[in-house]
Amino acid sequence: MESIIVAALRDILCASMSLDDGLSTIQQMVGDDAVTAFEVARAIEEIILRRPSLASNKLMEISIKLASDKNTMLPDMLMLLDTRYVSAHSRVETEILPDKAAIPKLLDLLGNLSDAIESSLRLNLRPLLPFLADELLATLNAVHSRAHKASTALALREIHYLTWILTNAGLFEEAEALLNRLTVLAKEMKIHDLWFDASLDEAGALTELAMFNEAREILQELRSLADKQKDPVRQAAVALQLSITETRDDSVSHEEARKSGDNAAELVQKILDSGSDGSGGLGLAQLIIGSNILANGWRLAVPQALERLESGLEVFEQIEEPDTAQSLLLAKCLSDLGFAHGLMRDHESVTKSIEYLERAKTCLRSLEKHSYDSSVDVARCEHAIGWICLGTDSDELWPVGLKAFQNAVKARENLRDEGAVSELELVGSKMGLALSQMRLLERAESDDEDIIRETLVQYIPLFPTDTRSVAEAAITTYNLVWLATRHGAALPDRLLRLLDDLDRMFSDARTHSDSIFFQGAFLVVPFVNASWQALYDRASQMTEDTFELSDASFVVAALAKSKMNIDALSLESSVRILQPVTEDLQSADPLLAQYWTGQTSLARTVKAFYQQKDFSELASGLYESAVNLRMVDLVKPTSGESVEFIRATSLSLSRVLMRFAIALEHRYDVKIDKKQYNDVPDDVVFDQIDFVLAEDWLGLMKIAEAYLEMVETSETVRAEPYLNAVFSNVARALRMMDKVALVDRRVLSFLGDAMNKRYYLRS
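Sequence order as written defines residue numbering, which begins from 1 separately in each chain. pLDDT decides what is reported in this predicted model: residues at 70 or higher carry local features, side-chain atom pairs at 80 or more are listed and counted, and totals for whole chains, interfaces and linings draw on all residues regardless. For the side-chain quantities, the full set of heavy atoms in the structure was used; hydrogens and water were omitted.

Colleague: How would you summarise the overall build of the protein chain if you had to cite specific residues and measurements?
Modeller: Put simply, DSSP H or I for four residues or longer makes a helix, DSSP E for two residues or longer makes a strand, and each gets a number counted from the N terminus. Each helix and strand counted, the protein chain has 33 helices and 0 strands in total. Each of the three principal axes of the protein chain carries a C-alpha extent, and together these read 115 × 70 × 45 Å. Relative accessibility under 20% of the residue-type maximum defines a buried residue, over 50% an exposed one, and the middle range a partly exposed one, all with a 1.4 Å probe and only protein chains included. Per-residue burial over the protein chain gives 54% buried out of 763 residues. Sequence separation of 24 or more characterises 69% of the internal contacts of the protein chain that already satisfy a separation of 6 or more. Looking at the protein chain as shown, the accessible area adds up to about 35100 Å², and 50% of this sits on carbon and sulfur atoms. Throughout, a contact is declared for two residues whenever any of their heavy atoms are within 4.5 Å. Every accessible area reported is derived by Shrake-Rupley at a probe size of 1.4 Å, with residue values counting cover from the shown protein chains alone.

In structure tokens form, the structure reads like this:
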């Protein structure tokens, strides 16, 4: 656990707590750290009183006193506090100094900011980094304004190094702002090599920010220069970055993007053939291309990524005595191959995925003899194995995933205490572990549900500072509802109330993002709450607004209508039966369309008989429903989820409905127009389907058939009570059939498949 001082300083540095509130919190400390707390409070008071020099001296004094401690987190945070609140004052002070005195101070300040950026990343203080990037930019401009070329060149190269750190940390906006200014100054000062490298990096940052046209403009200029100079290394570098930009831009066809990647690989191969590049260059190019195909997030492109990654792996495996950098690239290639195979989701691919990730772990651990700390990377591999196993239907792999999550949580808890991983990474592993335990047990126990709720709550404080947390919470919400539905678990009220709170947050997030994960989560909460009208309204809106989920939206909207039809069967209800089946639904899922056609016909028949007691309409309606349900057996399904249960339920009920209709025809001398049903399927062998049905359903059908037998053998006057009993059982079956047919599972699976067309890259 963090001390109160560290927690308060973290909140101050992340701007989630004011200096005054932080001062108050630290002043209330008692115990062993009270003396340190008092000194820190005095330093904060000096900052509040606008005496930065005194504050800086006090913070430096405290840091020196704590330098001998094993845990350097507090000294590092104190120095960050100094940089955060004193650097701007120090920079302004240099404006009145002569150049000879100002330039060393500005370069010293640049060094402090550089250290602060590295410390902020190590301590997971990401909200502090935009401020530090702004200070870097202001300091660079201050150095440049002194017109001392050597100092400006030094500052430019230092900032270029820092942009690599920011880019690797995913802070592309901050990196791009610095690179933009850096390229302008480098071009002005005619530092051509720096201008070229920084421009290439800026194109990469713009690509990550989805500013593809701006990136292409820069790359076109760089390509022209490289071609003019006939520099093969620069030509290959530009081609490689262009292939990344084309791959990440959804508006570019994947054929064109792959052609661009192949061109880059050919240029790298030419460099190798000419002997001007070291071993592993082609492997690195293939690794970069394959990784960026994966980074685009489309499952359709995974086989193409595998081709590139396997080519890269072949290159790295041929290196006889790899150095540390080459071994790291080999581990990266293995882990990417493991991730890519895991996305294929079939048993063979998932098995390969685990093998590759285990090899990556072994490779990473072998680097420890070279003083490389592999614990962060190994934890990521364990985390990836856990999620891949959680997403497979191969139950023998679930314990493997559970063990991997346990290892990941244990490792990340230690790494979090050291400041090496973010809170989001730890929460993600904890949630994966909780869901794995729930799935492995095949049912949700109260302890598991409490753990899931507690873990889900931990995402919420991260929403304001890390947008990834919202996406992960949305995916977790879907996973939770899907697993609960799949295993027949009822979520407790406390967890449902939390999902309601998250639902409102997802609603706000949808207005600012078109993420497919928010859209999917927006549907599952009203589903799990049985709020069918709200579910229908949301799904109907999404059929028009969300192209990626349009088919799933049609299916979900139809489900909502079918559920409202069941509610409308109540004797007190005056709501009419709705028609859920549309042309769009028939195109999206013909099996469910035919199933709901039969269900709706039966619901309309039951509702009409409640109101009119007309045996002629009842017989015709039952016959029509029986035919529609029997025709479910003829439909070719688009996916395998719940197919056998839907068929078995439909055929089982159709047999009873057909016998009921014929009995009414004989007993009450009503006529059924059977000519309009020319395509009635032949009778099926029911023994082949009954074994998948639930016991309570089979019991209900047997009771109904027993009453039907009494109807068929009794006199007309005596048959009416049995007819009423059969009708009552049919109405019960109508309310029960969705549960027995596992329709909810199929609909959620359909939604999940649509969401998974674009996967989420977890860290």
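On we go from here.
Colleague: Would you mind going over the packing of aromatic side chains in detail, with residue names and values included?
Modeller: Only Phe, Tyr and Trp rings take part, Trp by its six-membered ring, and two of them pair if their centres are within 6.5 Å. Stacked means planes under 30 degrees apart, edge-to-face means over 60, and tilted covers everything else. Counting across every chain of the model gives 6 aromatic pairs. With a centroid separation of 4.7 Å and 55° between ring planes, the pair formed by Phe-609 and Phe-727 is classed as tilted. Linking Phe-609 in helix H28 (residues 590-612) with Phe-727 in helix H32 (residues 716-741), this pair joins segments that are 118 residues apart in sequence. The pair formed by Phe-609 and Phe-727 is uniform in burial state, with each residue classed as buried. A connected cluster of aromatic rings, assembled from ring pairs, spans Phe-609, Tyr-610, Phe-615 and Phe-727. Note on geometry: a ring has a charge over it if NZ (lysine) or CZ (arginine) is within 6 Å of the ring centre and within 35 degrees of the ring normal. The side chain of Arg-84 reaches across the aromatic face of Tyr-85, ending 4.7 Å from its centre. Cation over ring: Arg-84 sits above Phe-131, and NZ or CZ is 4.1 Å from the ring centre.

Colleague: Go over the nonpolar core with me, naming the residues and quoting the values.
Modeller: By nonpolar core we mean a set of buried residues, namely Ala, Val, Leu, Ile, Met, Phe, Trp, Tyr and Cys, connected to one another through side-chain atoms within 4.5 Å. Judged by nonpolar contacts, the single largest core of 129 residues is most densely connected at Leu-499, Tyr-595, Trp-596, Leu-653, Phe-660, Trp-697 and Val-743. With 13 residues, helix H30 (residues 643-668) is the largest single contributor of residues to this core. Those residues in contact with Leu-499 that lie beyond four places of it in its chain are Leu-456, Thr-477, Leu-480, Val-481, Leu-491, Val-525 and Val-528. The next biggest cluster of nonpolar side chains, apart from the first, holds 73 residues, and it includes Cys-14, Ile-47, Leu-66 and Leu-81.

Colleague: For the packing of helix H1 (residues 4-13) against helix H3 (residues 34-48), give the residues involved together with the corresponding values.
Modeller: Whenever a helix is involved, its axis is fitted only over the stretch in contact; in every case the axis is a line through C-alpha atoms, and angles between N-to-C directions fall within 0 to 180 degrees. Where H1 meets H3, the closest approach of the two axes is 11 Å, and the angle between their N-to-C directions is 20°. Viewed along their axes, H1 and H3 adopt a mutual orientation that is roughly parallel. Each of Ile-5, Leu-9 and Ile-12 in H1 lies in contact with H3, whose residues at this interface are Thr-36, Ala-37, Val-40 and Ile-44. When residues are sorted by character, Ala, Val, Leu, Ile, Met, Phe, Trp, Tyr, Cys and Pro go into the nonpolar class, Asp, Glu, Lys and Arg into the charged class, and all the rest, Gly among them, into the polar class. Among the residues forming the contact of H1 with H3, the class breakdown is 6 nonpolar, 1 polar and no charged. By the definition adopted for this analysis, an angle is roughly parallel if under 35 degrees, roughly antiparallel if over 145, roughly perpendicular if from 65 to 115, and oblique otherwise.

Colleague: Describe in detail helix H18 (residues 375-390), supporting the description with residues and values.
Modeller: If you check H18, its first and last C-alpha atoms are 23 Å apart, about what 16 residues at 1.5 Å a residue would give, namely 22 Å. Counting buried positions over the 16 residues of H18 gives 14, a clear majority of the element. Expected span, for any helix, means 1.5 Å times one less than how many residues it has.

Colleague: Provide a residue-level description of the side chain of Arg-216, including the pertinent values.
Modeller: Looking at the secondary structure, you find Arg-216 in helix H11 (residues 212-229). A polar atom in the side chain of Arg-216 sits 2.7 Å from the side chain of Glu-246. Among all residues touching Arg-216, those that are not within four sequence positions of it are Thr-245, Glu-246, Asp-249 and Val-252. Any pair of nitrogen or oxygen atoms within 3.5 Å is treated as a polar contact; in protein, a donor-acceptor pairing is required on top of that, and neighbouring residues in sequence qualify only through side-chain atoms on both sides.

Colleague: How would you explain the side chain of Ser-349 if you had to name every residue and give the values?
Modeller: Mapping Ser-349 onto the fold places it in helix H17 (residues 347-366). For Ser-349, a relative accessible area of 10% translates into the label buried. Aside from chain neighbours lying at most four places away, what touches Ser-349 is His-341, Gly-342 and Met-344.

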